[in-house]
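Observations on the three-dimensional arrangement
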Amino acid sequence: MKKLIKQFPKAAVVILLILHASTITAQSRLELLFEEVSSALEQAKSQHADVLCNKKFEESANFFNEAKHMHNEEYKSEYIVEILENAISSLTLLNESIDDKQNFFYESLQSREQATENNAEYSAGKLFNRAEQLLIDAVGYFEEGDYQYASELSIEIQSLYKKSDDYSALANNLQYKWLPYNNANKVTANKLAPLEYSEAMNHFNAALTSIDKGNDKSEIEGEIISAEEKFLESIRTANKFRGRYPSIISSRTEALKANAEQLAFLHWEAAENALTNLARNESGEQIADIEDINEVVSLYKHAESEAYKYQFLSAALKSFRSAAEINADHYSPASFINSESYLDQASRLIETDNRNVSRITRLADESMMESNKAILVSKIIQSVEAGETTWEDILLSWNKVNAEIKPTPRRISREPDFKPDFQIKDAEPKATTRPARTESVTTNTELFTGNEAEIIKEHGKIIICLTGLNFEAIRTEVEFSHRELLDKAITMMRRYPGSNFEVVGNTDNIGLRADNQKISEERAKNVYNYLVKNSGISSGRISHHGDGENNPIAENRTPEGRQANRRVDIIIETSAL
């Protein structure tokens, strides 16, 4: 906007400001309309408009969905507003006719509410849908003035809703509370007794299918009895397997402790498949061959080792691969070989003694430090060869170069691998021409107490690491307990009125990488929404993204470290000040 003011005369600037204000007003109106229609649709549905005024409700919902599509495709606001106003018109007509129908079908609607509360539309879907369609038909007869037939149908409708409610309760009990099913899963019967468990599940699923269809209870009970017999048989077989092959069970338990199911999924699946095949091929009292037993044990141990390698060595491996990518074995062979050697030692130690965590960690840190040396030296040499800097510059700035080589437990950079600053000529900080705007980070520390936040100053930016947000393991919501700390962050942000801000979500390394990425993005988005709503800072100056598990500031091996890594960072871009 400052550039525009320099380029245009005052009259033109006034026009631009008016147009800008009009755009904001139109955008605000559009957002309000979307909220209004969305809220009205929810309200109408809570009054059973989806069955009592089926056509008008569908028409309104279709208008709303069309408007959302047009908004996503960036249609002009006036077209979208017109569609939303059509939705409001349909909802208005719907409201005018709903009261009489609610009174007439009151008892049917009560039965419908009860069934819906118990999720009958999912657990007894076909029964529930039959009741839904019959209610829509009955409403049609009511609208035609055939009140007697509509009344007769309502009795059948109530019966169907109540039956779907009963069947839903039965399905929920089978899936979540039924002991034969739960006990079979507790002893891993699906793996240790696959044949019996598979037969049990066939009867179990047949029972759920019969419930969904609304079949006679005698048919459902027959399937349940057959399922129970097979589940109990699978439990006995699984327990017998456990007694026969303790080495397999022990190796599987250790792999689970290492979180191999998530961190070494392919190796875990190979072990699980081998276990299932061994259990499936068993017959009578015959013991499996020792070679087959050892193979399964070996697969689980391998999965366990791979999981621990991921936990302890992933960061060191990233640095080593980064070094390899820039040919560090050529430019810095000694450091590169040392890094590889430390990695190899750590890897072998994990396979032989994974409980020696302190030594494994030390080796991983040594490997990363050597990789960092190799990267730095390689890039310096490449920079000299390309004529971008000179050996004299490097020698004069050696203190800075040496500092870059030292290992650091905190990786604040959003880049996944070590990436030092190689602009050697800029090693000495340049004097600022506007000292009044470059406020020292230390003057902001009085805002935060205890472990609420860490403040880090990098080149051209200040990072507020909000370690005190205390997200639970997979939670992403901004809760009431977070508000005080976020308000302090807002206070600090307001001290930099000319800056842009970036909200970055982070996680620990437990779980799948893709899931952690999504969690971090949700955390960033929710904090972003709070800041935009409460800071008074334009949303155009605040952005957000997730870094997943890529940017830890503490070790993930301890609960305290994982808690610190489940945080949100606010980056203040100060380079323009």
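Reference entry: report on the structure contained in this document.

This part takes up the overall build of the chain. Scanning the chain for helices and strands turns up 25 helices and five strands. Expressed as a percentage of contacts within the chain between residues at least 6 apart in sequence, the contacts between residues at least 24 apart total 74%. Here the chain displays about 31700 Å² of accessible surface, and carbon together with sulfur accounts for 50% of that area.

The next point concerns the packing of aromatic side chains. The description of an aromatic ring pair uses the distance of the two centres, along with the angle that the planes make with each other. Applying the stated criterion across every chain yields a total of 18 aromatic pairs. Ring geometry for Tyr181 against Phe231: centres 5.7 Å apart, planes inclined by 65°, an arrangement best described as edge-to-face. Taken together, the residues Tyr181 in helix H10 (residues 179-186) and Phe231 in helix H13 (residues 217-244) connect sequence positions 50 residues apart. Each of the two residues, Tyr181 as well as Phe231, counts as buried.

Quick look at helix H16 (residues 265-281) now. Spanning 17 residues, H16 covers 24 Å between terminal C-alpha atoms, matching the ideal 24 Å at 1.5 Å per step. Among the residues of H16, Trp268, Ala271, Glu272, Ala274, Leu275, Thr276, Leu278 and Ala279 are the ones counted as buried. Buried residues along H16 sit against helix H11 (189-192), helix H12 (194-213), H13, helix H14 (246-257), helix H15 (260-263) and helix H17 (290-325).

On to the packing of helix H6 (residues 106-117) against helix H8 (residues 125-143), then. With their axes 12 Å apart at the nearest point, H6 and H8 run at an angle of 150° to one another. Taken together, the axes of H6 and H8 lie roughly antiparallel to each other. In this structure, H6 crosses over H8, and the sense of that crossing is left-handed. Of H8, the residues touching H6 (which contributes Leu109, Arg112, Ala115 and Thr116) are Phe128, Glu132 and Leu135. Its residues placed into classes, the contact of H6 with H8 shows four nonpolar, one polar and two charged.

In this structure, Leu84, Phe105, Phe204, Phe231, Phe241 and Ile248 are the most contacted members of the largest nonpolar core, which totals 105 residues. Per element, the largest residue contribution to this core is twelve residues, and it comes from H17. The residues contacting Phe231, other than those within four sequence positions of it, are Trp178, Pro180, Tyr181, Ala184, Tyr197, Ala200, Met201 and Phe204. Residues Leu447, Ile462, Val527 and Ile537 belong to the second largest nonpolar core, which totals 27 residues.

What counts and what doesn't
- Residues numbered from 1 in each chain as written.
- Predicted model: local features only at pLDDT ≥ 70, side-chain atom pairs only at ≥ 80, totals over all residues.
- Heavy atoms only, no water.
- Helix = DSSP H or I, 4+ residues; strand = E, 2+ residues; numbered from the N terminus.
- Contact = heavy atoms within 4.5 Å.
- Areas by Shrake-Rupley, 256 points an atom, 1.4 Å probe, with all protein chains shown as cover.
- Phe/Tyr/Trp six-rings, centres within 6.5 Å; stacked < 30°, edge-to-face > 60°.
- Buried < 20%, exposed > 50% of the residue type's maximum accessible area, 1.4 Å probe, protein only.
- Expected span 1.5 Å × (residues − 1).
- Axes fitted to C-alpha atoms, helices over the stretch in contact; angles between N-to-C directions.
- Parallel < 35°, antiparallel > 145°, perpendicular 65-115°, else oblique.
- Left-handed = near helix turned anticlockwise from the far one by under 90°.
- Nonpolar A, V, L, I, M, F, W, Y, C, P; charged D, E, K, R; others polar.
- Core = buried A, V, L, I, M, F, W, Y, C linked by side-chain atoms within 4.5 Å.

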